[in-house]
Each structure stands twice: as C-alpha cells, then as structure tokens.
Amino acid sequence: MNPFPVAKITFEELLKEKSFIGLLTLEVFLLFVSKLISNVVAGDTVKVAMDFALSFFFFTVALYSVFVSVGSTFRDVSDRVVYLILSKPLKRSDYVIGKFLGCTLAVALFTFLSFFIVTSGILTISSTANLYVPHVVVVERVFLLSLLVFLMGVFLSAFGILFAILFTSQVLALISAIFLFLAGLELSPVKELVVSSKYVSPVNKLIVQIAYYLFPNFSLFDVKDYVVHLAIKVSPLFFASVFIYSLIYTSAVLLVATYLFDRREL
Amino acid sequence: MGVLVVNNLRKTFKKNSLLGFKKEEKKVLKGISFEVFEEIFGFIGPNGAGKTTTIKVIMDFVKPDSGEILIFGKPNSDISVKQNLGFLPERPYIYGSITGEEYLDFCADVYGIPYYERKRKFAELLELVNLTGVEEQPISSYSKGMVQRLLFASTLINDPDLLILDEPMSGLDPVGRNIIASVMKMLKEKGKAVFYSSHIIQDVERLSDRVAIIVDGKIKLLDSVANIVQEFLRGYVITVRKRGSSSLEVLKVGVDELWQLLERLKSEGYEIISVEPDRLSLEEILVSYIQENRRAG
Ligand SMILES: Nc1ncnc2c1ncn2[C@@H]1O[C@H](COP(=O)(O)OP(=O)(O)OP(=O)(O)O)[C@@H](O)[C@H]1O
Ligand SMILES: [Mg+2]
C-alpha cells in the first residue's frame, strides 16, 4: 500500500489549476452579492446576508469537490497519465486511494481558505449593521459548519472519482455527480411527501424509505440554520454521527471505485 | 530464460456497436510470441498492427484473452517486477502545471529514493537527455520533444534492467533521436534489455540487435538485423574502371556469380573500385510483408 506519491502529485497539480483560485474569487464576489440581496429582501438584513453567504459557501465547496475529483481522475485516463503512474510499482488501488487523498487535501485547503473568506465577510456585514451579533459564537459556528462542509467535500470527491471511472464521458460523470448531490439534498422533503401520501401503496412507501436511508444524504452537512439562528442548539452527538456516517459511506464508495478500476482496461 | 518472455498472446477487442446490440469482435493479437534478452530488441510494424496493444498487455494495462507473460521470470501481474522496469508510453503526457523537478520527485517518491541523493540523480538524468537547467520550469513551457526526453529520462530513475518503450523516437528531431539512441546503446552495454517499438526503420536497422516484424497481429519475421539483411541479399554492385580509362562502370551481379565475374574482370584488365552488397533494406522487407499480407487478406 503506497498511495502517497500519487496523493502528493495530485495535490500539487490541483493547486495550480485555475478552478482553485477561480472559485475562491467567485466566493468573494458572492459575498458582495449576498450583501446586495440582503438590502432588497425584507427581513433581518444580517441574517439574510449570512444565510446567502453560507449557502454560496456550501455550494461552492460542493462544486469544487466534484470538479476536481471528476476532472483530475478523468483526465488522467484520457491523457494517458495513468500509463506513467501504473508503470511504476504502484497498485491500482494505490492510484485510487492516492487520487482520493490528493483531492481531500485540495478540498481541505479550499474549505479552509473559504472559511476565512466567508467569516471575514460575515463579520464585516454584521459590523456595518447596527445589530448585536456575538462574534465569537458566530465564528465558532461557521467553523463547525466548515468542518461539515469539508466532510461533505470529501464524500463528494469519493463519488467524483467513482463516476470518473464508471463513465466514459467526463460531462456525463460531472452531471451525474452534481445530480446525485442535488438529489441527496432534497431527500427528506420527498420522503415526507411520499410517506404521508394516501395514493402510494405501503410497498412503495417501504421502498422509498429504504432508498432514503441508503441514498447519500447531503442535507446532513447543511447546518447553516444553526449558524444563522443562534437560538438553535445542535448536540455534539449529531456531529459525531455525521462524521461516522460519511466515514463509512466514503470508504464504501472508494472500495467500489477500486474494484471497478482494477478490472478496467486502460 | 529471457528477461521478457511473451508466449502466444491473443487479444480480441469487443466493439459495442450503437446501442450495444450487435457485438463486433476484432482480433488484434493472433498468437504473439517472442523473447527479449540483454539486447536492443526492435518491434516494428505498420499502423494498427498491434504493437501498442502488445505493450499494453505486457504492462498489465489490458488483460489478454490467453497467453503468458513473464518479466524476470515472474508473471507480469506481480507488482514487484515493476520495481526494476522502465516504461515510456506512446505519445507520453504529464500535467503541464507541475515542473520537471516535481515530476522527477514523484518518481523518486515511488521508488523511495532518499532526498539527499535526488539533486545529483536528477542532474545526471537531465544531462543524459540534454535538458540541464529546465527542471524548475513548468512542463507546459517545454516543447513536445523536451517533454518526451524528460519522460524518457525519468524511466531510468530506478536504474531498470528492462526498458519498454513505445515509439520513443517519434516526434523527435534527428538530434533528439540520436540522444535516445545513444542512451539505449549505453544501457545495452551495461547489460540491460531494451524493448522498443518504432516506425523509423533506419533507426531500428542501425540500433537493434534483433527485430520482430508484426503485421496484422502476427509476427512475420523475428531475427537479428544482420541475418535478415543477409537473407534478403539480392546480389552485389561492382564498380570498375578499365585500366587507362577515366570513366567508371557499374555492374550488377547475382550472389553466386560474384567470384566468377571478379576473376574475369581481373583477367580483362579491369581495376576494381568497390564491391557492395545489393540488399533489401529493412524498410523494403517490411513493405513487402505488408503488401503480401494485403494480398492474402
Ligand atoms: N481499446 C480498443 N478497442 C477497440 N479496438 C482497439 C482498441 N485498442 C486498439 N484497438 C485496435 O487494435 C488494433 C491495433 O492497435 P495498436 O494500437 O496496437 O496498433 P499499433 O501497432 O500500436 O499502431 P501504431 O503504429 O499506429 O501505433 C487497431 O486496429 C486498433 O483499432
Ligand atoms: Mg502504437
């Protein structure tokens, strides 16, 4: 088992990609957009601005994770970089795990920098308004949100690698990963709707409920309400279980990706 | 036993036609066998003959339908054989955003080369392919030939006993080709084995100890370059001058009649300027095999 050389070169390559600095710049821009929106929308200006800023943060990290994992894995195969890598004493599983670790590092750095951008944005916005928001608590909560967003990015990267291996078209892999993410965000409303409906048979309700628990649930990582509404409390147990959930699910996805890549003709 | 043994390889590619209904099968390798010792072994054939496919099977990128491959006496799926192997793919590519040194560092990481040895080792390799001084520039700023030479040099980082190169010379200018050729010769002198495919037959003829000609998935001819050229000897071209005359005459003669003619010329008072073999070049031999195959198919 030697995934580290691939992890290192993947990370080096990803940092120099345009998407890294590009999406970070986009995030700064979106902070201004959030502030503008909050001026025209009715309601508590600071809360609305925070709500938008954090949503943008959440989606940017998700988008970055998908782009980076799908793009870099797919290009390795189509540009024949895998031949250089796999001609060395590295197993195919070393490649998949190395790719994943490299993406994880890139997502970690991206999330960390985003955390600084978003936090300074939010603090600036809240200080310009004449409202009292306890800064320490907000920063602490944005940090907790960032940790979950990072976990989500890692989880999505595993899917991105899997889809890049599974599909023969990069666009298809990207769209599938984004669709999976969006579907995984809207799981519970759909489940509630189906389960409470009178027109759905019990068998189908059961199927939907099983699918609900098996399908990757990305709404678990979306705790921005907890940051925006200071009255909301979330137990540490919730954070722990989300951590374990993504750990197990990510490993399973990587296992499948390795299995498929092992059998793939290059 | 040879460093690389390839035994009766067969490979079919399944082409899924639209919607995957009718499955089309294409036999690409039809029983390929050869053995490479400590020598320079050239693998030549026309486009689509199956050279790259053979090499991909050897490297375990693609599984054969049947057949056996041994590298250093071990099956090629054994990852440990790659510890002692160097490989350059066809039209090699590496990320443009990293620098040459970062790529070499990646290779050194894989083989666990300690950091204090790297600077000297990298300088040595870069010097070998005439790339000294570019290691800190991003690879996107390199020319195509520079990338090829860098990646060629990087295959030597683990001092491999077997080198497998898929068209290492294509896309290089004569100087670049000469660099690769001289490194290959040097490796052979050190007792290493080099297996390479090529289109550039003049290079193959000049460089290889033995060659295999592959046409349409089958090996048509496998022998030393000297033997092949000998076998395809058509006769001799003799240049003579009548004593006292200033103009030259050129005569062609069959293989068996050489001595007879020489005696006669001598007795008739001719001065013999040169006697050269009139033989098919490797290129002509290859072309004749391809044409023969076309007629048969
Ligand atoms: N993955 C694949 N799927 C289907 N057919 C393939 C595949 N790879 C190669 N082929 C076919 O196999 C044949 C041999 O291809 P290969 O690349 O081995 O030729 P080659 O001798 O290396 O040619 P060249 O000199 O052009 O590099 C070709 O007809 C090609 O179309
Ligand atoms: Mg080829």
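Along each chain, the written sequence defines residue order, and numbers are assigned to residues from 1. Chains carry letters and ligands carry numbers; both start at the beginning, A for chains and 1 for ligands, and go up in the order they are written. At least 70 in pLDDT is required for a residue's local features to be given in this predicted model, at least 80 for side-chain atom pairs to be given and counted, and no such filter applies to totals for whole chains, interfaces and linings, which use all residues. Side-chain numbers here rest on the full set of heavy atoms in the structure, without hydrogens or water.

All right, on to the pattern of salt bridges then. Take a side-chain nitrogen of Lys or Arg and a carboxyl oxygen of Asp or Glu: if they are within 4 Å of each other, that pair is a salt bridge. In the structure shown here, the tally under the stated rule is 19 salt bridges over all chains. A salt bridge links Asp76 of chain A to Lys99 of chain A; the shortest N-O distance between them is 2.8 Å. One end of the pair, Asp76 of chain A, is in helix 3 (residues 45-78); the other, Lys99 of chain A, is in helix 5 (residues 92-128), and 23 residues separate them in sequence. Note that Lys192 of chain B is salt-bridged to Asp159 of chain B, the shortest N-O span being 3.2 Å. One end of the pair, Lys192 of chain B, is in the loop between helix 5 (174-189) and strand 8 (193-198); the other, Asp159 of chain B, is in the loop between helix 4 (144-154) and strand 7 (162-166), with 33 residues separating them in the sequence. Each residue is placed in one exposure class: buried if its accessible area under a 1.4 Å probe, protein chains only, is under 20% of its type's maximum, exposed if it is over 50%, and partly exposed if it falls in between. The buried category is assigned to Lys192 of chain B, whose relative accessible area is 8%. Of the residues examined, Asp159 of chain B reaches a relative accessible area of 42% and is grouped as partly exposed. Because the salt bridges share partners, they merge into one network encompassing Lys8 of chain A together with Asp105, Asp109 and Arg118 of chain B. Counting from the N terminus, the helices are DSSP H or I runs at least four residues long and the strands are E runs at least two residues long.

Time to look at the interface of chain A and chain B. Contacts between residues were defined by any pair of non-hydrogen atoms, one from each residue, lying within 4.5 Å. Between chain A and chain B, the contact holds 26 residues from the first and 31 residues from the second. Two parts placed together each lose some accessible area under a 1.4 Å probe, and the buried area is that loss summed for both. Summing the contributions of chain A and of chain B, the shared interface buries around 2700 Å²; its carbon and sulfur component is 61%. When the buried surface of chain A facing chain B is broken down by residue, Leu84, Lys88 and Pro89 of chain A rank first, second and third, together holding 23% of it. Between Glu265 of chain A and Lys11 of chain B there is a salt bridge; the shortest N-O distance is 3.0 Å. We define a polar contact as two N or O atoms separated by no more than 3.5 Å, with the added condition that, inside protein, one atom must be a possible hydrogen donor and the other a possible acceptor, whereas residues neighbouring each other in sequence contribute only through side-chain atom pairs. Taken together, chain A and chain B are joined by 13 residue pairs in polar contact (both at pLDDT 80 or more).

Only rings of Phe, Tyr and Trp enter the pairing, Trp through its six-membered ring, and a pair is recorded when the two centres are within 6.5 Å. The plane angle decides the type: under 30 degrees is stacked, over 60 is edge-to-face, the rest tilted. One pass over the structure, following the stated rule, counts 32 aromatic pairs over all chains. Both rings, one in Phe155 of chain A and one in Phe218 of chain A, keep their centres 5.3 Å apart while their planes meet at 40 degrees; by these two values the pair is tilted. Of this pair, Phe155 of chain A sits in helix 6 (residues 135-166) while Phe218 of chain A sits in the loop between helix 9 (202-214) and helix 10 (224-228), and the two are 63 residues apart along the sequence. Grouping residues by exposure puts Phe155 of chain A and Phe218 of chain A together as buried. Taken together, Phe58, Phe59, Phe155, Phe159, Phe163, Phe167, Phe181, Phe218, Phe221, Tyr245 and Tyr249 of chain A form an aromatic cluster joined through their ring pairs. Arg92 of chain A extends its terminal NZ or CZ atom over the ring of Phe261 of chain A, reaching a point 5.7 Å from the ring centre. The positively charged end of Arg118 of chain B is found above the aromatic ring belonging to Tyr115 of chain B, 4.0 Å away from the centroid. Our definition puts a charge over a ring when NZ of Lys or CZ of Arg is within 6 Å of the ring centre and also within 35 degrees of the ring normal.

Moving on, we get to the packing of helix 5 of chain A against helix 6 of chain A. Residues and elements named next belong to chain A. Taken N-terminus to C-terminus, the directions of helix 5 and helix 6 make an angle of 150 degrees; their axes are 8 Å apart at the nearest point. It follows that helix 5 is roughly antiparallel to helix 6 by the angle criterion. Like other packed secondary-structure pairs, helix 5 and helix 6 cross with a definite hand, here right-handed. Angles here are taken between N-to-C directions and fall from 0 to 180 degrees, while the axes themselves are lines fitted to C-alpha atoms, restricted in helices to the stretch in contact. In what follows, roughly perpendicular refers to angles from 65 to 115 degrees, roughly parallel to angles under 35, roughly antiparallel to angles over 145, and oblique to any angle outside these ranges. Rotating anticlockwise by less than a right angle from the far helix to the near helix defines a left-handed crossing, while the corresponding clockwise rotation defines a right-handed one.

A separate point is the site of ligand 1. All names here are of chain B. Around ligand 1, the surrounding shell holds 14 residues, and the nearest of these are Lys26, Lys51, Thr52, Thr53 and Glu90. The contact in question runs from an oxygen atom of ligand 1 to an N or O atom on the side chain of Glu90, over 2.6 Å. Here an oxygen atom of ligand 1 sits 3.5 Å away from a polar atom, N or O, in the side chain of Glu167. Taken by itself ligand 1 offers 640 Å² of open surface, and the protein chains cover 70% of this. Elements supplying a minimum of two residues to the shell around ligand 1: strand 2 (23-36) and helix 1 (51-58). Near is defined per residue: the residue qualifies when any heavy atom it owns lies within 4 Å of the molecule or strand. Only the protein chains shown count as cover for residues, and the accessible areas themselves come from Shrake-Rupley with a 1.4 Å probe.

Attention shifts here to helix 7 (residues 170-185) of chain A. Residues and elements named next belong to chain A. Here the expected span of a helix is defined as 1.5 Å times the quantity of residues minus one. Relative to the 22 Å expected for 16 residues at 1.5 Å per residue, helix 7 spans 23 Å between its end C-alpha atoms, a close match to the ideal helical length. Taken together, the buried positions of helix 7 are Ala173, Leu174, Ser176, Ala177, Leu180, Phe181, Gly184 and Leu185. Residues of helix 7 that are buried make contact with helix 3, helix 6 and helix 8 (187-196). At the N-terminal boundary of helix 7, the capping side chain belongs to Ser169, with an oxygen 3.4 Å from the backbone nitrogen of Val171.

Here the focus is the coordination of the magnesium ion (ligand 2). For Na, K and Ca the donor cut-off is 3.2 Å, and for all other metals it is 2.8 Å, counting N, O and S atoms only; because water is absent from this set, sites may look incomplete. On the protein side, the magnesium ion (ligand 2) has Thr52 of chain B (OG1) and Glu90 of chain B (OE) as donor atoms, found 1.9 to 2.2 Å from it. With a gap of 38 residues between them, Thr52 of chain B in helix 1 and Glu90 of chain B in the loop between strand 6 (85-88) and helix 2 (100-111) connect regions that are remote in the sequence.

Turning our eyes to something else, we now look at the packing of helix 8 of chain A against helix 9 of chain A. Residue and element names in this part refer to chain A. Direction vectors running N to C along helix 8 and helix 9 enclose 165 degrees, while the axes themselves pass 10 Å from each other. Our classification of the angle between helix 8 and helix 9 gives roughly antiparallel. Of the two elements, helix 8 crosses helix 9, and the hand of that crossing is left-handed. Where helix 8 approaches helix 9, its residues Leu187, Ser188, Lys191, Val194 and Val195 are matched on the opposing element by Lys205, Val208, Gln209, Tyr212 and Tyr213. For the contact of helix 8 with helix 9, the residue count by class is six nonpolar, two polar and two charged. For this scheme, ten residues count as nonpolar: Ala, Val, Leu, Ile, Met, Phe, Trp, Tyr, Cys and Pro. Four count as charged, namely Asp, Glu, Lys and Arg, and the remainder, Gly too, count as polar.

Here, the term nonpolar core denotes a set of buried Ala, Val, Leu, Ile, Met, Phe, Trp, Tyr and Cys residues that are joined through side-chain atoms within 4.5 Å. Core analysis: the biggest nonpolar cluster contains 164 residues, and Phe218 of chain A together with Leu4, Phe34, Tyr103 and Phe195 of chain B have the highest contact counts within it. When residues of this core are assigned to their parent elements, the largest contribution, 17 residues, is made by helix 6 of chain A. Once you skip the residues sitting within four places of it in the chain, Tyr103 of chain B turns out to touch Ile9, Leu84 and Lys88 of chain A together with Ile94, Ile98, Ile139, Leu151 and Ser154 of chain B. The next biggest cluster of nonpolar side chains, apart from the first, holds 10 residues, and it includes Ile238, Leu258, Leu262 and Tyr270 of chain B.

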